[in-house]
Amino acid sequence: MGSGKTEFSARVWRDSQVLLKKNATVVSHTSSGHADRRKVFFVRTFLDEQRFPDYPSDALAYRSGYERLGPNLARIRNSFELEQLIEDHPEAGTWIIDEASFYEERLVYVVRQASEKLGLCFIFPTLVLNFRSDIFNPTARLLLEHATDVFPLTAYCEHPDCVEDAFYTYRWYQVKGKECPAPFFDPLIIIGGDRASDDPSQPNYCTRCDQHHHLPGKEYTYLTLMALGEAWVRGDSGRLERELTALRDEPNESLLAQSLEGSLEVCRNTLLVPFLAERALVYLAHERNLLDEAALHSLVGRLNLDRPFLARRLADNGKVLQNSLT
Ligand SMILES: [Zn+2]
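Here the structure is a predicted model, which is why all the values come from computation and not from measurement. (Residues numbered from 1 in each chain as written. Predicted model: local features only at pLDDT ≥ 70, side-chain atom pairs only at ≥ 80, totals over all residues. Heavy atoms only, no water.)

**Student:** Sorry, what's going on with helix α1 (residues 5-19) here?
**Tutor:** The periodicity of an α-helix, 3.6 residues per turn, causes residues three or four places apart in sequence to face the same way. Between its first and last C-alpha atoms α1 spans 21 Å; for 15 residues at 1.5 Å apiece the expected length is 21 Å, and the two agree. For α1, the complete set of buried residues consists of Lys5, Thr6, Phe8, Ser9, Ala10, Val12, Trp13 and Ser16. On its buried face, α1 is in contact with β2 (35-45), β3 (59-62), β4 (65-68), β6 (92-97) and β7 (121-123). (Helix = DSSP H or I, 4+ residues; strand = E, 2+ residues; numbered from the N terminus. Expected span 1.5 Å × (residues − 1). Buried < 20%, exposed > 50% of the residue type's maximum accessible area, 1.4 Å probe, protein only. Contact = heavy atoms within 4.5 Å.)

**Student:** Would you mind going over the coordination of the zinc ion with me for this structure?
**Tutor:** Octahedral metals with six donors have ideal donor angles of 90 or 180 degrees. Tetrahedral metals with four donors have an ideal donor angle of 109.5 degrees. At the metal site, the zinc ion is ligated by Cys157 (SG), Cys162 (SG), Cys209 (SG) and His212 (ND1), and these contacts range over 2.1 to 2.4 Å. Considered as a linear motif, the donors of the zinc ion on their single chain read C-x4-C-x46-C-x2-H. You can call Cys209 buried: its relative accessible area is 6%. In this structure His212 comes out as buried when scored by relative accessible area, which is 11%. (Donors = N, O, S within 2.8 Å, 3.2 Å for Na, K, Ca; no water.)

**Student:** I tried to follow the side chain of Thr6 on my own but got confused; where do I start?
**Tutor:** Mapped onto the elements of the fold, Thr6 is located in helix α1. For Thr6, a relative accessible area of 15% gives the class buried. With near-sequence residues (within four places) excluded, Thr6 lies in contact with Leu60, Ala61 and Tyr62.

**Student:** Would you explain the sheet that holds strand β11 (residues 178-181) in this entry?
**Tutor:** Two orientations exist for strands paired in a sheet by backbone hydrogen bonds: parallel and antiparallel. Across the sheet, which stays open at both edges, the three strands sit in the order β11-β10-β12 with antiparallel pairing between neighbours. Every interior strand has two partners, whereas the edge strands, β11 and β12 (204-208), have only one. Going from strand to strand, the sheet's axes swing by 45 degrees on average, the running direction of each strand aside. (Pairing = 2+ DSSP bridges. Axes fitted to C-alpha atoms, helices over the stretch in contact; angles between N-to-C directions.)

**Student:** Hey, could you run me through a nonpolar patch on the surface in this one?
**Tutor:** On the surface, a nonpolar cluster with roughly 290 Å² of combined accessible area is contributed by Leu47, Phe102, Ile189 and Ile191. By secondary structure assignment, the location of Phe102 is in the loop between β6 and α4 (106-118). With a relative accessible area of 36%, Phe102 lands in the partly exposed category. (Patch = residues over 30% accessible without salt bridge, like charges linked within 9 Å, V, L, I, M, F, W, Y side chains within 5 Å. Areas by Shrake-Rupley, 256 points an atom, 1.4 Å probe, with all protein chains shown as cover. Salt bridge = Lys/Arg side-chain N within 4 Å of Asp/Glu carboxyl O.)

**Student:** Whenever I open this one, the pairing of β3 confuses me. Can you help?
**Tutor:** Strand residues, when the strand is regular, have side chains that alternate between the two faces of the sheet. Side-chain alternation along β3 places Ala59 and Ala61 on one buried face and Leu60 and Tyr62 on a second face that is also buried. For β3 and β4, the ladder comprises four bridges, and the chain directions are antiparallel. Paired with Leu60 across the strands is Glu67, a residue of β4. Where β3 hands over to β4, the hairpin turn is made up of two residues, counted between the paired strands.

**Student:** Help me understand the side chain of Asp316, please; the structure alone is not making it clear to me.
**Tutor:** Here Asp316 lies in helix α12 (residues 307-316). Accessibility expressed as a relative area gives 15% for Asp316, which makes it buried. If we ignore the near neighbours within four places in the chain, the residues touching Asp316 are Ile189, Ile190 and Ile191.

**Student:** Just checking my understanding: could you explain the environment of Thr30 for this structure?
**Tutor:** Positionally, Thr30 belongs in helix α2 (residues 27-30). Residue class for Thr30 comes out buried when judged on its relative accessible area of 15%. Taking the C-alpha atoms as reference, Thr30 lies 8.4 Å from Gly93; in sequence the two are 63 residues apart. Residue contacts for Thr30: discarding those within four places in its chain leaves Ala35, Asp36, Arg37 and Arg38.

**Student:** Can you help me understand the packing of helix α10 (residues 276-287) against α12 in this one?
**Tutor:** The description of two helices packed together rests on the angle between their axes and the distance between the axes. It is the contact of α10 with α12, at a shortest axis distance of 10 Å, that shows an interaxial angle of 40 degrees. Comparing their axes, α12 and α10 come out oblique. In the crossing of α10 with α12, the sense of the turn from one axis to the other is right-handed. Within the contact between the two elements, α10 uses Glu278, Arg279, Val282 and His286 and α12 uses Phe309, Leu310, Arg313 and Leu314. Split into classes, the residues belonging to the contact of α10 with α12 amount to four nonpolar, one polar and three charged. (Parallel < 35°, antiparallel > 145°, perpendicular 65-115°, else oblique. Left-handed = near helix turned anticlockwise from the far one by under 90°. Nonpolar A, V, L, I, M, F, W, Y, C, P; charged D, E, K, R; others polar.)

This is the structure we're talking about:
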């Protein structure tokens, strides 16, 4: 996706390489204790492991090229591994932490302490808003709260007819050659969907302006889907099951389709996205906590929903089940 955040990181790296060639007299301006802010370390999440298969493992890859960082690049899983890295590399004064929102909130305080005690400088090239244009998660909120500077990176809207600035992350699926926006209730995190894909079950992302950022089904989610989930909890199972069955077999007959009557054609294309019933169920079970595990198993069995898809999406979002779905 063309937000420009990796280009930004690469520029910091290139600037550091220029500054490292300066005379030793500059050290007093760039150092605190053992750390020299000209020495840059790039930290990437383990979730990205499959993302750059065509580049060397130490490459910082962006749209128009890549930089090789050698030993100054590492992958971590959590804030504890970041603490260890900082301890192992006391000379590094500038730390670029890619996709910092993907880690637990603790990372924000690890960084804050390292910044205060060791004088380290941290840069977080990260998207702050998710595809629903909401703050990505509690970690993103804390990062914004504690940041001393925030530089919004804008890009052009990637819609072919548009030259406006874009601030929003747009998630869409390509089904039979058509642009199909993700429904509002699509799972928050889908791991692995970062490259252009014509596989209708894998999301595509791009940056879009307000006018071309489509998010169908928001009203339906709050007005209808959640009400059906709450009714199910109270023992009225029929209505939720009828809607999930319609989403599975005949999306055009669903209440979702009804709610989209009169919408733009591109918004109605969301009805072509596969696994709509499964996506709705992940939303109710995981994000809204409306269905416990027993209820989830029972519904999946009765409606014969796609178990591998559900298991993958629940795992992506950190939902641990006692009994596997598959
Ligand atoms: Zn646009």
